[in-house]
Amino acid sequence: MTSGTPLSRTDAPGAQAGEGSGPDITTYRLENGLEIVVIPDRRVPVVTHMVWYRNGSADDPLGRSGIAHFLEHLMFKGTERHPAGEFSKVVSALGGQENAFTSYDYTAYFQRVAPEHLGRMMEFEADRMAGLSFDEEVVAPERDVVLEERRMRVETDPSAQLGEAMAASLFVHHPYGIPIIGWMHEIEGLRRADALDYYRRFYAPDNAILVVSGDVEPEGVRRLAEETYGRHAPHAAAGARLRPREPEPRAARHVRVADPKVEQAVLQRLYLVPSSRTAAGRDSYALEVLGEALGGGPTSLLYRNLVLDSRRAVNAGGWYMGSAIDDTRFGIYAVPAEEIALDALEDDLDRALARVPDELTEDALERAKTRLIAETVYSCDSQSSLARVYGSARAIGESLEDVRRWPSDIRAVTKDEVVAALGQWLQPRRSVTGHLVKGA
Amino acid sequence: MTAALTTGTSPAEVRPLATASGLEVWHVASDFVPLVAIAFNMEGGAAQDPPGKAGAAQMLARLLDEGAGPYDSDAFQQRLAARAIELGFNAGPDAIGGSLKTLVEHADEAFDLLRLALAEPRFDEDAVERVRAQTIASLRYQANDPGAVATKRFFREAFPGHPYGSPVSGTEETVAAVTREDLVALHRRLVARGRLNVTAVGALPAERLLAGIDAAFGSLPGEAELEPVRDMPLAGLGTRRIVDLDVPQSVIRFGVAGLRWRDPDFIPAYVLNHILGGGAFTSRLFQEVRERRGLAYSVGTSLASYRHAAMCWGYTATKNERVAECLDVITSEMARLSHEGPTEDELAKAKDYLVGSYALAFDSSTKIAHQLAQIAFEKLGIDHIRRRNALVAAVTPEDVRRAASRTLADARMLVVIAGRPVGVAEA
């Protein structure tokens with residue numbers, strides 16, 4: 001048994017809805033290093049129980065792409081104490097739902113159950129944190145499942161193939177260029193030992209974050225966590241992430257996927273930009289606002305320029321993936337109107353980007369900020385969304401204070417900051433442009 | 001297990017309210033977050049598309065927020081965006097529906113924009129052409145997507161000569177044929193308050209809510225003018241169709257007869273479906289197709305209930321070399337379940353799951369509003385969410401066997417495969 005010591009406590013009914021307010025969150029850390037975040041929402045008798053590990057596909061060993069994701073699948077294959085499928089059967093018989101997901105920077109497991117079953121979920125989840133055990137015979141069929149997953153998502157979809165090629169080209173050195181699911185030929189070679197080696201390296205209480213949202217009391221969660229996760233010894237070496245940094249990019253790159261199945265051409269572009277973790281100063285907030293103003297929906301500058309005004313495209317937009325440990329991507333897409341070639345549309349796109357400093361009015365800026373901030377209020381309506389917001393933030397090393405302050409940080413972004421971010425980061429040499437076209 | 005604890009409770013407290021003009025609103029008060037979520041639907045969706053103009057109802061739905069009253073599309077969208085009001089419309093086979101989400105402080109503006117969108121859409125020429133071009137682009141984008149191709153073909157085979165056989169989004173040809181006059185006429189026919197269902201969840205006081213609902217819907221015409229649609233059983237049982245696509249993995253859609261929501265055997269069929277291929281890791285198909293054999297990443301079945309048809313249909317995708325094996329497993333599991341019925345333990349666990357998990361569908365305002373709108377549309381009554389768990393808990397083995405004989409029967413399916421399956425021919 002270990003006793004916990006509170007990390008911090010954030011009571012935060014802010015002055016104004018959506019401006020620095022948020023749920024009443026409690027956090028603490030067990031002696032073995034497990035971090036705990038509790039987010040109360042007592043509207044319905046439901047609780048979301050999530051465990052996040054601070055490792056994702058970007059931590060896959062060289063030549064073993066896909067191992068983080070494959071292990072996520074194998075985590076359902078039983079432990080020394082519980083045979084394969086038992087956990088799932090219990091979840092289901094209790095009327096619960098469960099799943100797991102792997103991202104570049106983290107892997108997470110969750111169940112949603114009635115609050116009285118939280119303790120059982122913790123017993124099972126804590127059990128597989130340290131006691132994973134499965135036979136060789138379950139490995140091959142599960143690898144086939146992952147291969148089918150890859151066929152479904154990528155091998156049958158030229159657009160997904162372009163996406164992979166663009167990421168691989170954008171990140172010339174960093175593992176964000178490798179697909180989360182892994183490359184086909186490397187998945188085929190993944191073995192039981194690879195999965196267990198990876199498991200022993202990363203799965204430990206001091207590399208995990210427990211997030212519980214819903215109809216719970218923080219003290220009750222802490223007690224249950226101590227009785228379950230608290231039993232595990234910390235794993236001093238866990239969580240070291242040794243990732244190469246991207247070199248300064250020099251070359252504007254173009255990639256193209258031509259496939260006979262393509263009936264609708266698409267233009268895509270990625271830029272290498274700082275993330276919320278790597279940005280100096282306020283660049284990450286400026287990029288958030290830029291992404292929304294430039295590409296968020298039918299009032300965005302790109303939609304207005306390319307779809308409403310020039311009618312060179314039937315759709316256009318953009319986004320910024322700010323939540324990442326290392327330098328990340330800013331994306332833009334446009335779907336050409338009939339008879340418009342992608343090369344010509346690309347010129348239009350570059351001209352539209354060049355006009356942003358003139359066209360970004362105060363109204364457009366305010367609209368973008370209002371939408372981004374409202375999204376954080378809307379996300380408070382769902383305990384699953386809240387659990388994901390806080391879990392992912394902690395998994396990439398943001399503080400809860402960062403999350404709480406995010407709306408006011410966004411509110412403070414100025415036009416000058418947005419224009420400066422555009423000039424500094426959306427440069428051709430930082431970009432990969434992708435063409436999806438019909439081919440022979 | 002949990003059944004005894006939760007069969008009598010309701011996942012949300014729903015009250016029926018009436019507006020001054022006589023509209024009924026199902027309301028759940030919740031002040032946890034300063035927002036209000038509205039969901040609504042009105043009878044008459046894509047099944048009302050004029051002949052040769054499949055996709056018209058969906059174009060209509062997409063055009064409602066593309067300019068209304070004094071605002072052109074851009075001005076309308078700017079008004080929404082400036083207050084982060086989320087408004088959207090969609091068309092299904094039997095209904096046009098929509099949803100509105102707004103911060104409480106902007107609720108009056110939100111209701112006013114909703115009113116304009118429903119009552120005074122402009123159908124400006126440039127907006128019509130833009131939505132047409134977007135629809136055609138998305139049809140082309142999916143033209144050779146194995147999942148989209150298989151689904152489209154499945155509906156064509158399942159409901160030949162019936163509106164349900166045509167895709168809700170139409171085809172390139174039919175979307176090209178829709179005129180502005182068609183859209184204006186369809187709007188006049190379909191957007192009415194006569195068979196409207198509205199639900200509201202959130203932190204808006206009832207008085208303001210009702211005034212807003214009346215403002216938004218109160219002035220709509222009384223009754224929709226609906227063309228009769230005939231009932232149709234699922235066609236093509238026992239046939240297998242292949243759409244050739246040069247891809248390494250085949251997508252498979254398969255279906256048998258289903259039961260409609262209001263059928264007395266619907267709940268037993270729902271329990272049966274959960275055991276066969278419902279959305280948990282425990283279903284027979286998940287266990288046999290995925291866990292034991294690694295044949296597919298995703299496999300499952302669901303009940304589709306329309307106004308004039310119903311089916312139990314399923315999906316999976318496996319590499320071309322294993323399609324035959326995969327179909328064998330699915331067919332034999334379906335036949336075995338139909339002939340032998342579920343085990344006692346299986347039935348008990350399925351009911352426990354369905355009873356216990358019902359509350360999970362009610363944990364956000366948006367989800368509650370949509371669940372209630374669906375229940376209202378199916379005319380199941382405002383007390384359905386209170387009664388539903390007891391109905392599930394009461395299902396007997398005999399009920400499930402009866403539902404199985406009416407749906408799975410002898411496991412003769414309509415099967416559509418998109419890909420290049422090895423050793424599998426049409427039949």
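Per-chain numbering applies: the sequence of each chain, read as written, is numbered from 1 onward. The naming scheme follows written order: chains are lettered A onward, ligands numbered 1 onward. A pLDDT threshold of at least 70 governs which residues receive local features in this predicted model, and a stricter bar of 80 or more applies before side-chain atom pairs are shown or counted, although totals over entire chains, interfaces and linings include all residues. To obtain the side-chain values, all non-hydrogen atoms of the structure were included, while hydrogens and water were left out.

(A) Highlighting the overall build of chain A. By definition, any uninterrupted DSSP run of H or I lasting at least four residues is a helix, any uninterrupted run of E lasting at least two residues is a strand, and each is numbered from the N terminus. A tally of regular secondary structure across chain A gives 15 helices and 12 strands. We compute the radius of gyration from the C-alpha atoms alone; for a globule the expected value is 2.2 Å times N to the 0.38, where N is the number of residues. Radius of gyration (C-alpha) of chain A: 23 Å, near the 22 Å computed for a compact globule of 440 residues. Each of the 440 residues in chain A was classed as buried or not, and the buried ones make up 62%. Using a 1.4 Å probe, the Shrake-Rupley method yields the accessible areas, and only the shown protein chains count as cover for residues. With the model as given, the accessible surface of chain A reaches about 16500 Å², and the carbon-plus-sulfur share is 50%. Only four residue types enter the charge count: Lys and Arg as positive, Asp and Glu as negative, with His and the chain ends excluded. By convention, the charge on Lys lies at NZ, on Arg at CZ, on Asp at CG and on Glu at CD. In chain A, which carries 51 positive and 67 negative side-chain charges, the distance between the mean positions of the two groups comes to 1 Å. Residue exposure (1.4 Å probe, protein chains only): buried if accessible area is under 20% of the type maximum, exposed if over 50%, otherwise partly exposed.

(B) Local environment of the overall build of chain B. When helices and strands are counted, chain B shows 16 helices and 13 strands. Taken over the C-alpha trace, chain B has a radius of gyration of 23 Å; the compact-globule value for 427 residues is 22 Å, and the two agree within 12%. The C-alpha extent of chain B, read off along each of the three principal axes, is 60 × 55 × 35 Å. Buried positions account for 60% of the 427 residues belonging to chain B. Of the contacts formed within chain B by residues at least 6 apart in sequence, a portion of 83% connects residues at least 24 apart. Counting only carbon and sulfur atoms, one obtains 51% of the accessible surface of chain B, whose full area is about 16000 Å². For chain B, the distance from the average position of its 46 positive side-chain charges to the average position of its 54 negative side-chain charges is 3 Å. Between two residues, a contact is recorded if the distance between any of their heavy atoms is within 4.5 Å.

(C) Representation of helix H14 (residues 365-377) of chain B within the structure. Residues and elements named next belong to chain B. Taking 1.5 Å per residue as the helical rise, H14 with its 13 residues ought to reach 18 Å, and the 18 Å between its terminal C-alpha atoms agrees with that figure. When we look at burial in H14, the residues that qualify are Ser365, Ile368, Ala369, Leu372, Ala373, Ile375, Ala376 and Phe377. After H14 finishes, the residue lysine 379 shows a positive phi value of roughly 60°. Expected span of a helix: the number of residues minus one, times 1.5 Å.

(D) Region of the structure containing the nonpolar core. Judged by nonpolar contacts, the single largest core of 54 residues is most densely connected at Ile38(B), Phe40(B), Leu118(B) and Phe217(B). Looking at which element gives the most residues to this core, the answer is helix H4 (residues 107-119) of chain B, with 8 residues. By convention a nonpolar core is built from buried Ala, Val, Leu, Ile, Met, Phe, Trp, Tyr and Cys residues, the set being connected through side-chain atoms within 4.5 Å. Grouped together as the second largest cluster of nonpolar side chains are 50 residues, Leu71(A), Met129(A), Tyr198(A) and Phe202(A) included.

(E) Spotlight on the sheet that holds strand S11 (residues 299-305) of chain B. Strand order in the open sheet made by the 5 strands is S9-S13-S10-S12-S11 (chain B), with mixed pairing throughout. Two strands in the sheet have a free side with no partner beyond their single neighbour: strand S9 (240-244) and S11 of chain B. Across the sheet, the mean angle from the axis of one strand to that of its neighbour is 20°, orientation sign disregarded. Two strands qualify as a pair provided that DSSP identifies no fewer than 2 bridges between them. When strand S10 (residues 249-257) of chain B meets strand S12 (residues 310-319) of chain B, the two strands line up antiparallel, connected through 9 bridges. Residue pairing across strands places Phe254(B) opposite Gly314(B), the latter belonging to S12(B). The sheet strands contacting helix H4 (residues 136-155) of chain A are S10 and S12 of chain B, and the helix crosses S12(B) at an angle near 105°. Strands in contact with helix H11 (residues 284-292) of chain B are S10, S11 and S12 of chain B; relative to S11(B), the strand with the most contacts, it is inclined by about 145°. In this analysis, axes come from line fits to C-alpha atoms, helices being fitted only over the stretch in contact, and the angle between any two N-to-C directions falls in the range 0 to 180 degrees.

(F) Summary view of the packing of H4(A) against H11(B). In the contact formed by H4(A) and H11(B), the axes pass within 8 Å of each other and the chain directions differ by 100°. By the angle between their directions, the pair H4(A) and H11(B) is classed as roughly perpendicular. Touching Pro141(A), Glu142(A) and Val145(A) of H4(A) are Arg290(B), Glu291(B) and Arg292(B), all from H11(B). Residues were grouped as follows: Ala, Val, Leu, Ile, Met, Phe, Trp, Tyr, Cys and Pro as nonpolar; Asp, Glu, Lys and Arg as charged; and all remaining residues, including Gly, as polar. Looking at the contact of H4(A) with H11(B), its residues break down into 2 nonpolar, no polar and 4 charged. Orientation categories follow fixed angle ranges, with anything under 35 degrees roughly parallel, anything over 145 roughly antiparallel, 65 to 115 roughly perpendicular, and all other angles oblique.

(G) Region of the structure containing the side chain of Arg193(B). Residues and elements named next belong to chain B. Mapped onto the fold, arginine 193 is located in the loop between helix H8 (180-190) and strand S8 (196-202). Any Lys or Arg side-chain nitrogen found within 4 Å of a carboxyl oxygen on Asp or Glu counts as a salt bridge. Despite being buried, arginine 193 has no salt bridge partner; aspartate 214 is the closest side chain of opposite charge, sitting 5.1 Å away. In contact with arginine 193, other than residues within four places in its own chain, are Ser21, Gly22, Leu23, Phe217, Gly218, Leu220, Pro221 and Gly222.

(H) Molecular detail of the interface of chain A and chain B. With 64 residues of chain A in contact, the opposing surface of chain B contributes 65 residues. A combined buried area of about 5300 Å² lies between chain A and chain B, and 60% of that area is made up of carbon and sulfur atoms. The largest share of the area that chain A buries against chain B comes from Glu148(A), Tyr378(A) and Asp381(A), three residues that together contribute 13% of it. Residue Arg290(B) is joined to Glu142(A) by a salt bridge in which the shortest nitrogen-to-oxygen separation is 3.4 Å. Definition of a polar contact: a pair of N or O atoms within 3.5 Å, with one able to donate and the other able to accept a hydrogen when the atoms are protein atoms, and with sequence-neighbouring residues admitted only if both atoms are side-chain atoms. The interface formed by chain A and chain B holds 22 residue pairs in polar contact (both at pLDDT 80 or more) in total. Among the secondary structure elements, those contributing two or more residues to the side of chain A that touches chain B are helix H2 (86-93), strand S5 (97-102), strand S6 (107-113), H4, helix H10 (301-309), helix H12 (362-379) and helix H13 (383-395) of chain A. Counting residues per element, the side of chain A that touches chain B draws most heavily on H4(A), which supplies 10 residues. Its residues assigned to classes, the side of chain A that touches chain B comprises 24 nonpolar, 16 polar and 24 charged. In short, buried area is how much 1.4 Å probe accessible area vanishes from two parts on joining, totalled over both.

(I) Representation of the sheet that holds strand S12 (residues 431-438) of chain A within the structure. Pairing is mixed in the open sheet, where 5 strands are placed in the order S8-S12-S9-S11-S10 (chain A). Each edge of the sheet is formed by a strand with only one pairing partner; in this case those strands are strand S8 (253-259) and strand S10 (313-320) of chain A. Going across the sheet, the axis of each strand differs from the next one's by a mean of 15°, ignoring polarity. For strand S9 (residues 266-273) of chain A and S12(A), the ladder comprises 6 bridges, and the chain directions are antiparallel. Pairing of Leu267(A) across the sheet is with His435(A), part of S12(A). With respect to the sheet, H10(A) is in contact with S10 and strand S11 (328-336) of chain A, its orientation differing from that of S10(A) by roughly 165°. Against the sheet, helix H5 (residues 125-141) of chain B contacts S9, S10, S11 and S12 of chain A, and its axis sits at roughly 75° relative to S10(A).

(J) Expanded view of the confidence of the model for chain B. All names here are of chain B. For chain B, per-residue confidence averages 95 on the pLDDT scale, and 98% of positions sit at 70 or higher. The low-confidence segment residues 1-6 (pLDDT under 50) makes 13 contacts with residues lying over four places distant or belonging to another chain. Interface scoring of the predicted complex returns ipTM 0.94; its pTM is 0.94. Per-residue confidence from the prediction method is given by pLDDT, with values spanning 0 to 100.

(K) Inspection of the side chain of Asp94(B) at higher detail. Residues and elements named next belong to chain B. Structurally, aspartate 94 can be placed in the loop between strand S6 (86-91) and strand S7 (95-103). Buried and unpaired, aspartate 94 has arginine 307 as its nearest opposite-charge partner, separated by 5.9 Å. Among the polar contacts made by the side chain of aspartate 94, one reaches the side chain of tyrosine 164 at a distance of 2.6 Å. Look past the residues within four positions of aspartate 94 in its chain and what remains in contact with it is Met42, Glu43, Gly44, Gly45, Tyr164, Tyr306, Arg307 and Phe377.

(L) Spotlight on the packing of aromatic side chains. Any two rings among Phe, Tyr and Trp, with Trp reduced to its six-membered ring, count as a pair given centres within 6.5 Å; such a pair is stacked if its planes are under 30 degrees apart, edge-to-face if over 60, and tilted if neither. One pass over the full model with this rule turns up 27 aromatic pairs over all chains. Plain terms: the ring middles of Tyr199(A) and Tyr203(A) are 5.2 Å apart, the flat faces sit at 35° to each other, and that makes the pair tilted. We note that Tyr199(A), like Tyr203(A), is buried. Members of the aromatic cluster, joined through ring pairs, are Tyr53(A), Phe76(A), Tyr109(A), Tyr199(A), Tyr203(A), Phe281(B) and Phe286(B). Note on geometry: a ring has a charge over it if NZ (lysine) or CZ (arginine) is within 6 Å of the ring centre and within 35 degrees of the ring normal. For the cation-ring pair, Arg128(A) lies above Phe76(A), with the distance from its terminal atom to the ring centre recorded as 4.7 Å.

(M) Summary view of the pattern of salt bridges. All names here are of chain A. Per the counting criterion, the structure on display carries 76 salt bridges over all chains. Its salt-bridge partner being arginine 222, residue glutamate 226 comes within 3.7 Å of it at the nearest N-O pair. Here glutamate 226 pairs with arginine 222, and both are found in helix H8 (residues 218-227), just 4 residues apart, close to one helical turn. Neither residue differs from the other here; glutamate 226 and arginine 222 are each classed as buried. We note a salt bridge from arginine 243 to aspartate 326, for which the minimum N-O separation is 3.0 Å. One end of the pair, arginine 243, is in the loop between H8 and S8; the other, aspartate 326, is in the loop between S10 and S11, and 83 residues separate them in sequence. There is no split in this pair, since arginine 243 and aspartate 326 are both buried. Salt bridges sharing partners connect three or more residues here, namely Asp59, Asp105, Arg241, Arg243 and Asp326.

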